[in-house]
Amino acid sequence: MTVIRWEDDALVWSGPYYGGEALHYDDSVATGFAAGRIITCPEVVDWSGDGSRDLLLSSWDACYDGVVVLRRQVGTNPDGTPILGPEEVLDGIRGYTTAVPDGDIFHLVTTSRLRRQIYLYRNVGRPGAPIFDKPLALDLNADWVHENEYFHLARFADIDGDGSLELVVGTDYWGDYWPNGLEWNDEGYRAYDAAGRWLGGPLRGFLYVFRNRGSLSEPVLEKGVPARSGENPYEVYGQFAPAFANFDGHGLSAVGGEFWNVLHFARHREGYSFEHASLLHDQDGAPLLLDQCIHIPCAVDWNNDGRVDLLVGAEDGYVTYLRNTGDTASGRPLFEKAGRIETTSPLIHGGVLPSPAAHDFSGNGLPDLVVGNSSGELLFYENIGTAVRPALARETMIEAGGKPVRFAAGLTGSIQGPSEKMFGYSCPIIADWDGDGLADILLSDVTGYHYFLRNDGQSKTPPSFHAPEKLKYEGRPLKTVWRVRPAVIDWTGSGELHYVALDEKGKLSDYQRASDTELVHKRYLTFDNGETVTFTPDVGGGRGRIKLCACDWNGSGTTDLIVGTHARASLPPGPHGAPRNTTGQAGLFYLENIGSNEVPVFASPRPFRFQGEIIAMGMHVASPEYTDWDGSGEGGLLVGVEDGSIVWLPRKYLTF
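Computed from a predicted structure; not experimentally measured.

**Brief notes about the packing of aromatic side chains**
(1) Moving on: Tallying each qualifying case throughout the model produces 36 aromatic pairs.
(2) Moving on: Judged by centre distance (5.3 Å) and plane angle (20°), the ring pair of phenylalanine 423 and tyrosine 425 falls under stacked. Accessibility classification places phenylalanine 423 together with tyrosine 425 in one group, the buried group.
(3) Moving on: The interplanar angle of 20° and the centroid separation of 4.8 Å between the aromatic rings of tyrosine 590 and phenylalanine 656 together place this pair among those described as stacked. Of this pair, tyrosine 590 sits in strand E50 (residues 588-591) while phenylalanine 656 sits in the segment after strand E58 (654-655), placing them 66 residues apart in sequence.
(4) Moving on: Pairwise contacts between aromatic rings join Trp174, Tyr177, Trp178, Trp184, Tyr192, Trp198, Phe259, Phe423, Tyr425 and Trp482 into one cluster.
(5) Moving on: Sitting over the face of the ring of tyrosine 449, lysine 470 holds its NZ or CZ atom 3.8 Å from the ring centroid.
(6) Moving on: Sitting over the face of the ring of tryptophan 482, arginine 483 holds its NZ or CZ atom 4.5 Å from the ring centroid.

**As for the sheet that holds E58**
(1) Moving on: Reading across from one edge, E54-E53-E58 is the order of the three strands in this open sheet, with antiparallel pairing throughout. Of all the strands in the sheet, just strand E54 (613-614) and E58 have a single pairing partner and so form its edges.
(2) Moving on: Bridging between strand E53 (residues 609-610) and E54 involves two bridges; their strand directions are antiparallel. By the bridge assignment, phenylalanine 610 is partnered in E54 with glutamate 613.

**Brief notes about the environment of leucine 378**
(1) Moving on: Within the fold, leucine 378 resides in strand E30 (residues 378-381).
(2) Moving on: Taking the relative accessible area as the measure of exposure, leucine 378 reaches 0% and is therefore buried.
(3) Moving on: Residues leucine 378 and proline 428, 50 residues apart in the sequence, show an inter-C-alpha distance of 8.0 Å.
(4) Moving on: Apart from the residues lying within four places of it in its own chain, the contact partners of leucine 378 are Val370, Val371, Gly372, Thr396, Met397, Ile398, Val405, Ser426, Pro428, Ile441, Leu443 and Leu453.

**Some words on the state of the cysteines**
(1) Moving on: Taken as a whole and assessed by the stated rule, the structure comprises zero disulfides.
(2) Moving on: Free of any disulfide, cysteine 427 has its nearest neighbouring cysteine sulfur in cysteine 549, separated by 13 Å.
(3) Moving on: Judged by relative accessible area, which is 3%, cysteine 427 ranks as buried.

**Re the sheet that holds strand E52 (residues 606-607)**
(1) Moving on: Strand order across the open sheet formed by four strands is E46-E47-E50-E52, with antiparallel pairing between neighbours. Sheet topology places strand E46 (547-551) and E52 at the edges, where each strand pairs with a single neighbour.
(2) Moving on: Examined bridge by bridge, E50 and E52 share two bridges and lie antiparallel to one another. By the bridge assignment, tyrosine 590 is partnered in E52 with arginine 606.

**Overview of the nonpolar core**
(1) Moving on: In this structure, Trp174, Tyr177, Trp302, Leu311 and Ile341 are the most contacted members of the largest nonpolar core, which totals 49 residues.
(2) Moving on: Secondary structure elements with two or more residues in this core: strand E2 (40-45), strand E3 (54-59), helix H1 (61-64), strand E4 (67-76), strand E10 (150-157), strand E23 (296-300) and strand E25 (319-324).
(3) Moving on: Ranked by size, the runner-up nonpolar core spans 22 residues in total, among them Val484, Trp491, Phe527 and Ile546.

**With respect to the environment of tyrosine 449**
(1) Moving on: Along the chain, tyrosine 449 turns up in the loop between strand E35 (440-444) and strand E36 (450-453).
(2) Moving on: Judged by its relative accessible area of 23%, tyrosine 449 is partly exposed.
(3) Moving on: Remark: the alpha-carbon pair of tyrosine 449 and phenylalanine 656, spanning 207 residues in sequence, is separated by 33 Å.
(4) Moving on: Among all residues touching tyrosine 449, those that are not within four sequence positions of it are Leu443, Ser444, Lys470, Pro477, Leu478 and Lys479.

So, how was this worked out
Residues numbered from 1 in each chain as written. Predicted model: local features only at pLDDT ≥ 70, side-chain atom pairs only at ≥ 80, totals over all residues. Heavy atoms only, no water. Phe/Tyr/Trp six-rings, centres within 6.5 Å; stacked < 30°, edge-to-face > 60°. Buried < 20%, exposed > 50% of the residue type's maximum accessible area, 1.4 Å probe, protein only. Helix = DSSP H or I, 4+ residues; strand = E, 2+ residues; numbered from the N terminus. Lys NZ or Arg CZ within 6 Å of the ring centre and 35° of its normal. Pairing = 2+ DSSP bridges. Contact = heavy atoms within 4.5 Å. Disulfide = S-S within 2.5 Å. Core = buried A, V, L, I, M, F, W, Y, C linked by side-chain atoms within 4.5 Å.

Shown next as structure tokens:
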């Protein structure tokens, strides 16, 4: 049975460009983390033609149109690693991109989840001045382990040691993953049994080799065959991303990235065969565990010490440097997790699917930011600019209970299954929940549980909090649909706080605060036709994902809602609801309260327009926060965009 994930059937980014509205660091921030967009593929190439280690970063095209950016080496750090320069966007190249040397120039190879082809961008320029011809589509035929495998990453490499380069393609196969062949939006989808056991199968990813009888600029590819690890096809847990090098002087080895937070290592044996793969090890000889998921490695001597290191891109957009320690006493190369790659001229990247909340924690009269993301982190950005020219300091991790906040699903916490064990989807709001005059954090996450993080009262920047406590309803932890940003509302100005979220069926629900952790008196919030507010006809993982923002948008004295949605949301549910049946991309909607604060009733949702165009922000979500960011006194919307940027949309440019 063939099952298509909704991500693979959605529109890629094709809406307005919001990069001109992106928040920036203060000029004092000289360095920061280098980042791509969503699920980053790193590649190092001598783009400048001077022997430099320039960094290409490309992105998953099923979300952010596969944008490819370049950061050139502009110097060298004392440890031998490159100093990277400003980001340059490479127009016309999309998808995961790798480079293949061809004499004194190089070509580019790209893969796309949205097509059954590999594209070769042939370089017709000269060293230091690459020019790429119209891409050549490589149609592949192979003895596939499974039909309908997605192409994940392609590289040219000399696998068999005969001096010519083969095309090597890692794939991604979801057909065995789904419980009973049902995708996570399908009616009847059930992820786990009563004991919490996953009812589906594994993700799968395989490696294929295509012998090239032509040249690198005019490939003639034979039918592909699966590479083997031991006696079986070389397989990892989904989204096989290969890199090849002689890491330890013992000949060619393969490092394979996969969906989970490990890398696989296997030495070449003969032909297209490798030894049994095992996990890559750290400098202590233990399996090297990465911090994210969906990893794409690149083999390069990054610190110029004569040993081949690894740069590893991930779902969160960042790139981790794994330094080859040269210790082969164990009979295999060992790697030290040396941290994220840094760059000059950094751009603000709040992880993937950032969800911002604004509050003046530093006491300088300017709104600072707390940002959740798909990794489950809480990042703090202090606003060190001015009222009319806000600018952010470099981010730090917020701590709760004395350790950095990091929510994660684990093997059983995500409705979409164990593949998402590293995802957290933290969606924070800021409110004085316990009434002590200090700003606390409340949030929901990947699991659908809701948490209270009490400000610890230390009056410092960044703020710190006590360990998370679960909110409860009817004596049990409140568990709702997942990935929802809640809202805290004092409807009547009496000091009685309410907690607004989607319930377990995706219905917009209002709970009254009874104590710091207890909620009571649930009621549904309705449209003016009496129907309960819901956001999609989907079930399972299709529910949730909604981001709520409460404010008096029209100055009427009643509290309205601004809602950020994903691409499949339907307001109202049905064949004509937006954005599912309009833009097909994540959007922002205004729900005007035409009732009262005692009995709120919402008018039909109206999509926001920015500078006259309906807001369309990709696939997974747009996350709004109402604040007076630019000191105009009018307010507007800060919006987290799925690519990791946070954009400021002033009220004067927002219409319906």
